[in-house]
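Tertiary structure, described
The residues making up each chain are set out below.
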Amino acid sequence: MKDLHSTPFPSHHTSQCDSCILQQHSLRSSDFSQALVGGQKGYQTYRDLPWDLQKIHQPAIKIRHLEPWKIALIVIGTAVAAAVTIGLLVYFLAYDQKLFYYSGNVKITNIRYNNELSRQSSGRFRDLSERVERLIDKTFYNSILRKKYIRSRLIRVSPDADGVMAEALLTFWFSSTDSREALRERVERILRRGLKKYTGPLRINVRSSTISSKYITSLLKVVLALF
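Structural notes, computed from the coordinates. Computed from a prediction, not measured in an experiment: that's the story for all the values here.

The subject of this paragraph is the sheet that holds strand β3 (residues 163-175). Ordered in space as β2-β3-β1-β4, the 4 strands form an open sheet in which the pairing is antiparallel. Strands at the two margins of the open sheet, each flanked by one partner only, are β2 (149-160) and β4 (204-212). Across the sheet, the mean angle from the axis of one strand to that of its neighbour is 25°, orientation sign disregarded. Summarising the sheet, β2 and β3 pair through 10 bridges and their orientation is antiparallel.

See the structure below:
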């Protein structure tokens, strides 16, 4: 009696089964590949796709360029914002500042008064004006008030017993809360200190040279009348 368990299967049956399995496997592989390619269309990092296919599936990148009017609008907006910022800084830093005017009287003993000194358009008045204003400017520009001092202007020259009195209008930029009288005393001390150091052609009586704010309104009217 033959052993059924030891009897091999017919070869034609085995070949048919193997071919069926291969056919099914090939069908499944084909379906899988189609599903994979179809399902992953556009997937850039799929490593099995050739480079040219990856380029085909990559989405197009659109570069957006701003229109000229939009660029101009951005530039104008930036400039306006910067101007507003600077304006606010200037306002908050200087809103409490105020112009202070003082009358500076400089006694000059080596000049005799004549009618030319009564006219600001005369050559002698202009020459004296240049010397006095340069002296005052140098005095305050070299002092602690150099950032507060603005300018000086010779207003008039009047006769005096020992020469002439040159009257100049001094302009400063102080805080509105500062005491006008305290500042006047400070300005006078600095002016006299500068006059003592002066070594130019003018002979100045330092003790008779003063700073006043009593007649400042009338001086301002004279200055306005000149313009």
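Now that the structure has been shown, we can carry on.
As a further point, take the side chain of R184. Mapped onto the secondary structure, R184 falls in helix α5 (residues 180-197). Residues in contact with R184, not counting those within four places in the same chain, are Y102, I211, S212 and S213.

Next up on the list: the packing of aromatic side chains. The description of two aromatic rings rests on the distance between their centres and on the angle between their planes. Under the counting rule described, the total for this entry stands at 7 aromatic pairs. Arranged with centres 6.1 Å apart and planes meeting at 70°, the rings of Y102 and F172 form a pair that is edge-to-face. In this pair, Y102 sits in strand β1 (residues 97-108) while F172 sits in strand β3, placing the two residues 70 residues apart along the sequence. Per residue, the accessibility class of Y102 equals that of F172, and both read buried. Ring geometry for F140 versus F172: centroids 5.3 Å apart, planes at 75°, classification edge-to-face. In this pair, F140 sits in helix α4 (residues 123-141) while F172 sits in strand β3, placing the two residues 32 residues apart along the sequence. Judged by its relative accessible area of 0%, F140 falls in the buried class. Residue F172 is classed as buried on the basis of its relative accessible area, which comes to 0%. Grouping aromatic residues by their ring pairs yields a cluster made of F100, Y102, F140, Y141, Y149, F172 and F174.

Let us now look at α5. Compared with the 26 Å implied by 1.5 Å per residue over 18 residues, the 26 Å span of α5 between its first and last C-alpha is a close match. Among all positions in α5, only L183, R184, V187, E188, I190, L191, G194 and L195 are buried. Its buried side turned inward, α5 meets β1, α4, β3 and β4.

Under the definition given, this model contains 6 salt bridges. The residue D127 makes a salt bridge to R131 at a minimum N-O spacing of 3.3 Å. Linking D127 with R131, this pair stays in helix α4, spanning 4 residues, or about one helical turn. By relative accessible area, R131 is classed as partly exposed at 29%. E188 is paired through a salt bridge with R184; the nearest N and O atoms lie 3.5 Å apart. Of this pair, E188 and R184 both sit in helix α5, 4 residues apart, which is roughly one turn of the helix. Ionic contacts of the salt-bridge type, sharing partners, join the residues E181, R184 and E188 into one network.

What counts as what
Residues numbered from 1 in each chain as written. Predicted model: local features only at pLDDT ≥ 70, side-chain atom pairs only at ≥ 80, totals over all residues. Heavy atoms only, no water. Pairing = 2+ DSSP bridges. Helix = DSSP H or I, 4+ residues; strand = E, 2+ residues; numbered from the N terminus. Axes fitted to C-alpha atoms, helices over the stretch in contact; angles between N-to-C directions. Contact = heavy atoms within 4.5 Å. Phe/Tyr/Trp six-rings, centres within 6.5 Å; stacked < 30°, edge-to-face > 60°. Buried < 20%, exposed > 50% of the residue type's maximum accessible area, 1.4 Å probe, protein only. Expected span 1.5 Å × (residues − 1). Salt bridge = Lys/Arg side-chain N within 4 Å of Asp/Glu carboxyl O.

Purely geometric stuff here, so don't read any function into it on its own.
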